[in-house]
Amino acid sequence: MVLYTSPFPNSFLSVLHSFSWGLIFPCYWFADRLVASFVPTTYEKRQRADDPCYFQALCIIITTPIYLALLVASLPFALIGFLLWSPLQSARRPYIYSRLEDKSQVNGATLLTEWKATGNGKSFCFGSANVCLLPDSLARFNNVFNTQARAREIGRRIRNGASRPQIKIYIDSPTNTSISAASFSSLVSPQVGDSTNRAVNVGIKRTSSMEYKGDNSGSNNSEDSRDAKAGGELNEGEDNNTCIVRISGEDNSHISDPEAEAISGQGNISSPAEHSLEGERESPKGQIPNHKQKEGDSGSLDSYTASRESLVKVRIGDGTVDQSNINNKLLYKASVMKKTSVRKKKHMDEIFDHEISAFFPANLDFLCLQEVFDKRAAEKLKQQLHHYFEYILYDVGVYGCHGCCSFKFVNSGLLFASRYPVMDAAYHCYPNGKGTDSLASKGALFLKVQVGNTPQDQRIVGYISCTHLQALAGDTTVRCEQLDLLQDWLADFRKSTSSSSTANPEELVAFDVICGDLNFDNCSSEDKLEQQHSLFTRYKDPCRLGPGEEKPWAIGTLLDPEGLYDEEVCTPDNLQKVLESEEGRKGYVVYPTSKNHCSSQKGRKTSLKGSGRRIDYMLYTEEGVYLEWKVEVEEFNFITQLAGLTDHLPVAMRLMVSTGEEDS
């Protein structure tokens, strides 16, 4: 299947489309600005109340007649442009495929060889987020604004979190787990240009070198990997930019802060990636408040510190030891995977790690975004994501009366990014949208990616589906029909793109994942039909015990828009701390609706059910996967790194595909 790199089959149609949109855009922009002037966010309301010199009302009085006059003047041109634009949509392709052209940063082909190197399997990390990148006037109804600046910042935060090195801590003895902030920061803060193994004294040492790829730059991958192998062989199955830390059970395994500072002598050291970003930092006018991060904010690209609570947590015994009382700041952003020799969890029946994290997972492989409706914002987001992801599909959807029963004014809002090569892609529009949702071409994007090769040169592939269902409350029948279509379309896509037969398999399927905003939760009584849908018999939800019953650690992903700019939750670290508390969640997470309560109160009801409305899903299945392989969830995260930028919590899931080919 050919991937479409341009929206139209020839340059003439592309030029004609650009000309028609150029006639429409002034009218669209003036209308957007005019409406946005009368829909203030809570942040702007507070500024107006706190600052006596805030002249927003005066600005509205002055600009409103200007915008209105220009809007009326641009209407004739917009009408002509619309008459040209509308028929062109019948020839428009359903998505735009973008591949990173900077050869120095390309490493998709290198990733394919990792499967052969690991031998016994590999893990893959998936992320999903609703980013609310609507035209500014519409975004304000969700209490977010400045869509263009938010798109740029969202992209920066995602690639900042995903490009961090992954730190794995192994504790040999559960009886001695003390590790100071200074010793840990000196342990994980690499000297720039030093890719060889270095030992840290007194019982704590690195067992492999750390290779930090920064913004996924591939220029030094081969050289650094050779240096790493020379210094110490990586554990089988580990990524190249993984640092493994072993903490022995000896009495001297605790390093005091002064001792660690004397040993490391590193002081404040920032990562190479952060240095490379300094030239890109901007302060555009109208910058939204969440872009100005305080020192220690783990979500900010300009920050050189990270949340201690996010980094130094180890699980021992029957609970969690939190090193939050350490006063020294950690000097490096890192992802910590907690493992102990005697592994016990708060929820004893759970077999995988789960947490609320201030960062996107390190080594994020696939990203599915929803509500990227604004075209200009999509371009800005794509530019930022391309610093980490090599392959991106954006502007997904149809416009006009192309294949759907109603006229579509905006696309589906779906965006997909991948570190692995995309082999095939297909999009389908849901034909049964109702109300305002019928104006958007909401649908499903299906992708086939290549993730490796076997020693016999068989392709190893995976399937990913990204979707966004009907949003209006009460439309349960519509959503169930859309879930039926989703399953049918996915089955057709797998059948049409498969080049294998049972007798002679040319491809081996490693995983099949569905992610997106499904707009129903697993607790609301109004969503019973969706909760019992057949999709959940074929696909597994890591957060769900059964219809209407969530796992104890699962939390809601829909935030109360009214509280987005509260100081308690406006940064990733603060939001993380609030969500870790059951009482804190009640103030900022939207809970399942009840007939006994007013729906406008959302997250601030007196009687609440569950842990909030979890409407963003990550599902996986073992059906259709190569029979000799096993797929298991290794980690599930609720992510706060986009605090203040959207009214949804991103989610991430790491799957381990085990082949069972253990080395003797």
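Preceding this paragraph is the structure being described.
A brief report on the enclosed structure follows. On a predicted model such as this, the values are computed, not experimentally measured, just so you know. (Residues numbered from 1 in each chain as written. Predicted model: local features only at pLDDT ≥ 70, side-chain atom pairs only at ≥ 80, totals over all residues. Heavy atoms only, no water.)

Extensive coverage of strand E21 (residues 651-658) is indicated by the burial of six of its eight residues. Where strand E2 (residues 121-133) meets E21, eight bridges bridge the pair, whose relative direction is antiparallel. Across the sheet, residue glycine 127 finds its bridge partner in E21, namely alanine 652. With eight bridges joining them, strand E20 (residues 630-639) and E21 adopt antiparallel strand pairing. In the sheet register, phenylalanine 638 faces E21, and the bridge partner there is valine 651. (Buried < 20%, exposed > 50% of the residue type's maximum accessible area, 1.4 Å probe, protein only. Helix = DSSP H or I, 4+ residues; strand = E, 2+ residues; numbered from the N terminus. Pairing = 2+ DSSP bridges.)

Phi at asparagine 363 is positive, roughly 60°, even though this residue is not glycine. Mapped onto the secondary structure, asparagine 363 falls in the loop between strand E9 (353-357) and strand E10 (366-372).

It is worth spelling out the sheet that holds strand E1 (residues 96-99) at this point. Taken together, eight strands build an open sheet; the order of strands is E1-E11-E12-E10-E2-E21-E20-E9 and the sheet is mixed. Edge strands, defined here as strands with exactly one partner in the open sheet, are E1 and E9. The average angle at which neighbouring strand axes cross in this sheet is 15°, direction not considered. Here E2 pairs with E10 via six bridges, running parallel. Paired with alanine 129 across the strands is leucine 369, a residue of E10. Across the sheet, helix H7 (residues 147-162) touches E2 and E10, and the angle it forms with E2 is around 165°. (Axes fitted to C-alpha atoms, helices over the stretch in contact; angles between N-to-C directions. Contact = heavy atoms within 4.5 Å.)

Before going further, it helps to spend a moment on a nonpolar patch on the surface. On the surface, a nonpolar cluster with roughly 590 Å² of combined accessible area is contributed by Phe55, Leu58, Ile61, Ile62, Ile66 and Leu70. Tracing the backbone shows phenylalanine 55 in the loop between helix H2 (42-50) and helix H3 (56-88). (Patch = residues over 30% accessible without salt bridge, like charges linked within 9 Å, V, L, I, M, F, W, Y side chains within 5 Å. Areas by Shrake-Rupley, 256 points an atom, 1.4 Å probe, with all protein chains shown as cover. Salt bridge = Lys/Arg side-chain N within 4 Å of Asp/Glu carboxyl O.)

Take it as geometry only, folks, not as evidence of what the structure does.
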